[in-house]
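Chain residues, written in single-letter form:
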Amino acid sequence: MAIKPKYIKQLGNVLLERYPDSFNTDFETNKESVTALTTVESKGVRNRIAGYVTQKKSQAAQNA
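Computed from a predicted model, the values in this text were never measured in an experiment. (Residues numbered from 1 in each chain as written. Predicted model: local features only at pLDDT ≥ 70, side-chain atom pairs only at ≥ 80, totals over all residues. Heavy atoms only, no water.)

Enquirer: What should I look at first to understand the pattern of salt bridges in this one?
Expert: Under the counting rule described, the total for this entry stands at 1 salt bridge. In this structure, Lys 31 and Glu 28 form a salt bridge, with 3.3 Å as the shortest nitrogen-oxygen distance. With Lys 31 and Glu 28 both in helix α2 (residues 27–37), this residue pair falls 3 residues apart, about one helical turn. Judged by its relative accessible area of 42%, Glu 28 is partly exposed. (Salt bridge = Lys/Arg side-chain N within 4 Å of Asp/Glu carboxyl O. Helix = DSSP H or I, 4+ residues; strand = E, 2+ residues; numbered from the N terminus. Buried < 20%, exposed > 50% of the residue type's maximum accessible area, 1.4 Å probe, protein only.)

Next comes the structure, spelled out in structure tokens:
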């Protein structure tokens, strides 16, 4: 598993705290949510944040 940069984790965690109902375990819908909720212009950064959020939601679903 790749180590994600600190800013990806920080922004992903802030989004999960503020908008927990906007995200689920589907990458495509999380990608759209990140686009709508942030001003990230880079497609690569958007995808990395969406992937991190998807991973966190999947882990939470498995542990629940």
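Next comes the rest of the write-up.
Enquirer: What is the right way to read α2 from this model?
Expert: In an α-helix, one turn spans 3.6 residues; hence positions three or four apart end up facing the same way. Every buried residue of α2 is accounted for by Asn 30, Lys 31, Ser 33 and Val 34. Summarising the axial view, the buried residues of α2 lie within an arc of 165°, below the 170-degree limit, and thus occupy one face. Within α2, the exposed residues directed more than 90 degrees away from the buried face are Glu 32 and Ala 36. Looking at the buried residues of α2, the elements they touch are α1 (6–18) and α3 (43–63). (Arc of directions from axis to C-beta. Contact = heavy atoms within 4.5 Å.)

Enquirer: Looking at this model, I keep getting lost on the environment of Lys 6. Mind explaining?
Expert: In this fold, Lys 6 is placed in helix α1. Residues Lys 6 and Gln 62, spaced 56 residues apart in sequence, show a C-alpha to C-alpha distance of 24 Å.

Enquirer: Help me understand the packing of α2 against α3 in this model?
Expert: Helix packing for two helices is described by the angle between their axes and how far apart those axes are. At a closest axis distance of 9 Å, the pairing of α2 and α3 adopts a crossing angle of 125°. When the axis of α2 is compared with that of α3, the two are oblique. Here α2 and α3 pass one another in a crossing that is right-handed. Side by side, α2 and α3 meet where Phe 27, Asn 30, Lys 31, Val 34 and Thr 35 of the first sit next to Arg 46, Asn 47, Ile 49, Ala 50, Gly 51, Val 53 and Thr 54 of the second. (Axes fitted to C-alpha atoms, helices over the stretch in contact; angles between N-to-C directions. Parallel < 35°, antiparallel > 145°, perpendicular 65-115°, else oblique. Left-handed = near helix turned anticlockwise from the far one by under 90°.)

Enquirer: So what exactly am I meant to see when it comes to the side chain of Lys 31 here?
Expert: A distance of 3.3 Å separates a polar atom in the side chain of Lys 31 from a polar atom in the side chain of Glu 28. With near-sequence residues (within four places) excluded, Lys 31 lies in contact with Arg 46, Asn 47 and Ala 50. (Polar contact = N/O pair within 3.5 Å; in protein donor to acceptor, adjacent residues only side chain to side chain.)

Shape is all these values report; function is a separate question.
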